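# Understanding the architecture of this molecule
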Amino acid sequence: MSMLPPVHLHLGPARAGKAAMMRRRYLDLVATLGPTKVIFLVPTGQRRTATLQALLKDSGRTVLWQPQVWTFPRYAEELLRRLRTPARRLTPLQQRAFLERAVAEVRKDGAFAYFTPIADRSGFLDSVADFIHQLKIHAVPPEVFLRTVRRSRPALQEMAAVYARYQKLLAAAGLYDDAGLFWQVKEALAAAWPSGIAPQEVLVDGFQDFSPPQRDILLRLREAGARLTITLPCDPARPKVFAWTMRTLEALRATFGSALVVHEPDPPPARAAGTLARFEQCLWDDTATGQAASPPEAVQFI
């Protein structure tokens, strides 16, 4: 483990130049290593499109051959394709059919008394799908959830039974849903990365948080020898403003331990004293005293 590369985490508020820095790094790495050895992970399809357009603009006259810019789900699907994993992705229509079947089988077994009055309503399956999705993105398998709620409320016990039956049906059909995609990757890579599949450099930009399966993929990429460079919109000097991403920072520290090298943002340039400067300080600075400005600089509201 000591021979693995460090993980570099660059912190900074929005519009601090992190995205431009990552694009420059991507182009430099592609020029050195080739396009197949560098991947660029972004949070959404919209961000992927914007990043690709910016890369094409930044590259100038250089030909950008098959840029490896992915969202986590798209990259997970690409890994499964390269690994020749037989499981297939579930369509929304198929997912609804499997949920209906799972609920029907649990009801037939007599383990669905609590939800029976609302089970036939149109929005019920949507609620079940959302519930299962949340469990999956937080990496809670059916058997663990079943044990956890064994002595809990009937509603949770019945949801656990539906979740377990639904997952069993998917496994039997060789299918996976969107949230279960990362499980497929984790199982496919349980032994080792096949030769030539793991990248050498991984750039991760634009995220505010990472689900446990996403952190697990990043960890496995590093274990395969990839060097990770991550950005996070965060400033430890202002923990209240960046409370959400401060939690993400702690989660990344728990994932990578001492391998995580944190690059904190430079302090903002000093500004001339004045009413607007003081207003900005009181609005964004956790350390602001909140004392009123002196009468000559006070803001008057008419």
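This write-up is about the structure you can find in this document. Model, not experiment: these values are computed from the prediction. (Residues numbered from 1 in each chain as written. Predicted model: local features only at pLDDT ≥ 70, side-chain atom pairs only at ≥ 80, totals over all residues. Heavy atoms only, no water.)

## Considering the overall build of the protein chain
Under the convention used in this document: Each helix is a run of DSSP H or I of at least 4 residues and each strand a run of E of at least 2, with the numbering of both proceeding from the N terminus. Buried residues are those whose accessible area, probed at 1.4 Å on protein chains only, stays under 20% of the maximum for their type, while exposed residues exceed 50% and partly exposed ones sit between those limits. Only the protein chains shown count as covering a residue, and every accessible area follows the Shrake-Rupley method with a 1.4 Å probe.
Within the protein chain, the regular secondary structure consists of 11 helices and 8 strands. Expressed as a percentage of the 302 residues in the protein chain, the buried residues total 39%. Looking at the protein chain as shown, the accessible area adds up to about 17,700 Å², and 55% of this sits on carbon and sulfur atoms.

## With respect to the pattern of salt bridges
What counts here: Any Lys or Arg side-chain nitrogen located within 4 Å of an Asp or Glu carboxyl oxygen qualifies as a salt bridge.
Throughout the structure, instances matching the rule amount to 16 salt bridges. R89 is the partner of D178 in a salt bridge, and the nearest nitrogen-oxygen pair spans 2.6 Å. Taken together, the residues span a long stretch of sequence, with D178 in the loop between β5 (175–176) and α8 (181–188) and R89 in strand β4 (residues 88–89) at a distance of 89 residues. Using a relative accessible area of 36% as the deciding quantity, one classes R89 as partly exposed. Look at the salt bridges and you will find they share partners, linking R101, E105, D109 and R165 into a network.

## Considerations on the nonpolar core
Worth spelling out the cut-off: Throughout, nonpolar core names a set of buried Ala, Val, Leu, Ile, Met, Phe, Trp, Tyr and Cys residues whose side chains join them through atoms within 4.5 Å. Only heavy atoms enter the contact rule, under which two residues are in contact if any of them lie within 4.5 Å.
In terms of nonpolar packing, the biggest core is built from 39 residues, with L41, L218, L221, L228 and I230 touching the most fellow members. Of all the secondary structure elements, the ones that give two or more residues to this core are β1 (7–12), β2 (38–41), α3 (72–83), α8, β6 (201–204), α9 (212–223), β7 (227–233) and α10 (243–256). In terms of residue count, α3 provides more of this core than any other element does, 6 residues in total. Those residues in contact with L218 that sit more than four places away from it in its chain are L41, F72, V204, F210, L228, I230 and F256. V106, A160, Y166 and W183 belong to the second-largest nonpolar core, a separate cluster that totals 28 residues.

## Points about the sheet that holds β6
As a reminder, the rule being used: Two strands are said to pair when DSSP picks up at least two bridges between them.
Strand order in the open sheet formed by 6 strands is β3-β2-β6-β7-β1-β8, and the pairing between neighbours is parallel. Of all strands in the sheet, those bounded by a partner on one side alone are β3 (69–70) and β8 (260–263). In this structure, β1 lies alongside β7, joined through 6 bridges in parallel fashion. Directly across from L11, in β7, lies its bridge partner L232.

## Let's talk about empty space enclosed by the protein
We apply this condition: Here a cavity denotes grid points, spaced 1 Å and computed from the protein atoms alone, that fit a 1.4 Å probe unable to get out, and a pocket denotes an open set having protein on both sides within 12 Å along at least 5 of 7 lines; residues with an atom within 4 Å of a point are the lining. Grid points are joined across faces, edges and corners, and a volume is the space filled by probe spheres set on the points. Under the convention adopted here, Pro, Cys and the residues Ala, Val, Leu, Ile, Met, Phe, Trp and Tyr are nonpolar, Asp, Glu, Lys and Arg are charged, and Gly plus all remaining residues are polar.
All told, the structure shown has 1 cavity of 30 Å³ or more when counted by the stated rule. What the largest cavity holds in volume is close to 30 Å³. For the lining of the largest cavity, a count of residues per class yields 5 nonpolar, 2 polar and 1 charged.

## Concerning unusual backbone geometry
Here the phi dihedral of R15 falls at roughly 60°; this positive angle occurs in a residue that is not glycine. Among the residues examined, R15 registers a relative accessible area of 88% and is labelled exposed. Its identity as a non-glycine residue notwithstanding, Q66 has a phi of 45°, on the positive side. If you trace the backbone, Q66 turns up in the loop between α2 (45–58) and β3.

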